[in-house]
Amino acid sequence: MRKVFLLIVSAVTAFTSNACGEKEDSNLQEQTKDSLEQKLIGKWKHLFVIALDANNNELKKENEECHYYEFLENGKANLIDYYNSKAECVETKENETKTSIFWTVKGNDISINFDDDHKMPFTIVNLKENLLEIERPIHPSEIDDYPSKTTKIRWFFQK
């Protein structure tokens, strides 16, 4: 009788701990996805772009002015520029231009859709509370804009 009781207690304990373990694991995965997306939400100032070679050596750095990405919930976003009529960077409400864009995250990949024909896939390299780095391979149309050994381009943003 004692052996039967111990066997039942062992089976119930094993079943309960396995059931709880699965629940916690799925919640952790959902929290990780949500926290990545939640970290992206906000207004990010585009600081600069660097061209990298295959060994991650910096080949060229370009400072950016007047560009912001504002990530909103539900995959909506805005590209915000602050150029006046003379194409000068003047960050005032009067010079603000917003363009609606869309974004999705899957794993460490983020896709930014400017319109149906202009979809840009990136990899999130670094995402902290106030720092975002994303990169993608160089596109054939950009080859003339960067040094010949450029294989990828990395964007830096600050919240």
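Whatever comes next refers back to the structure up there.
Bear in mind that the values here come from a model prediction, so they are computed numbers and not experimental data. (Residues numbered from 1 in each chain as written. Predicted model: local features only at pLDDT ≥ 70, side-chain atom pairs only at ≥ 80, totals over all residues. Heavy atoms only, no water.)

J.: An account of the nonpolar core is requested, with residue identities and associated values reported.
T.: Ranked by size, the top nonpolar core spans 26 residues in total, and within it Phe71, Ile110, Ile112, Leu132 and Ile134 carry the most contacts. Ile110 has contacts with Leu40, Phe71, Trp103, Thr104, Val105, Met120, Pro121, Phe122, Ile124 and Ile134, leaving out every residue within four places of it along the chain. (Core = buried A, V, L, I, M, F, W, Y, C linked by side-chain atoms within 4.5 Å. Buried < 20%, exposed > 50% of the residue type's maximum accessible area, 1.4 Å probe, protein only. Contact = heavy atoms within 4.5 Å.)

J.: Account for the state of the cysteines, naming residues and giving values.
T.: Inspection of the entire model under this criterion finds one disulfide. A sulfur-sulfur separation of 1.6 Å characterises the disulfide bridge that pairs Cys66 with Cys89. Measuring the twist about the S-S bond at about 110°, one finds the Cys66-Cys89 disulfide to be right-handed. Note that Cys66 is positioned in the loop between strand 2 (58-63) and strand 3 (67-71) and Cys89 in the loop between strand 4 (76-82) and strand 5 (96-106), a separation of 23 residues in sequence. (Disulfide = S-S within 2.5 Å. Helix = DSSP H or I, 4+ residues; strand = E, 2+ residues; numbered from the N terminus.)

J.: Lay out the pairing of strand 6 (residues 109-115) in plain terms, naming residues and giving numbers.
T.: Among the seven residues in strand 6, five count as buried, and that is most of the element. Here five bridges tie strand 5 to strand 6, and the two strands are oriented antiparallel to one another. Considered in strand 6, the bridge of Trp103 is made with Ile112. Where strand 5 hands over to strand 6, the hairpin turn is made up of two residues, of which Gly107 adopts a positive phi near 65°. Relative to strand 7 (residues 118-127), strand 6 is paired through six bridges, and the arrangement is antiparallel. (Pairing = 2+ DSSP bridges.)

J.: Give a description of the environment of Leu47 that names residues and reports values.
T.: Take Leu47: it is sitting in strand 1 (residues 42-52). For the pair Leu47 and Glu64, spaced 17 residues apart in sequence, the C-alpha to C-alpha distance is 5.3 Å. With residues near it in sequence (within four places) discarded, Leu47 still touches Asn63, Glu64, Phe156, Phe157 and Gln158.

J.: Residue-level account of the pattern of salt bridges, with values.
T.: Side-chain pairs of opposite charge can arise where the charged atoms are in close proximity. Under the definition given, this model contains eight salt bridges. Of the charged contacts, one joins Lys93 and Glu96 as a salt bridge, the two residues approaching to 3.1 Å between their closest N and O atoms. A relative accessible area of 61% places Lys93 in the exposed class. When the shortest N-O distance is used, the salt bridge between Glu135 and Arg154 registers 2.7 Å. Within this pair, whereas Glu135 is found in strand 8 (residues 131-137), its partner Arg154 is found in strand 9 (residues 152-158), the two being separated by 19 residues in sequence. Considered together, Glu135 and Arg154 belong to a single accessibility category, that of buried residues. Linked by salt bridges that have partners in common, Glu133, Glu135, Lys152 and Arg154 make up one network. (Salt bridge = Lys/Arg side-chain N within 4 Å of Asp/Glu carboxyl O.)

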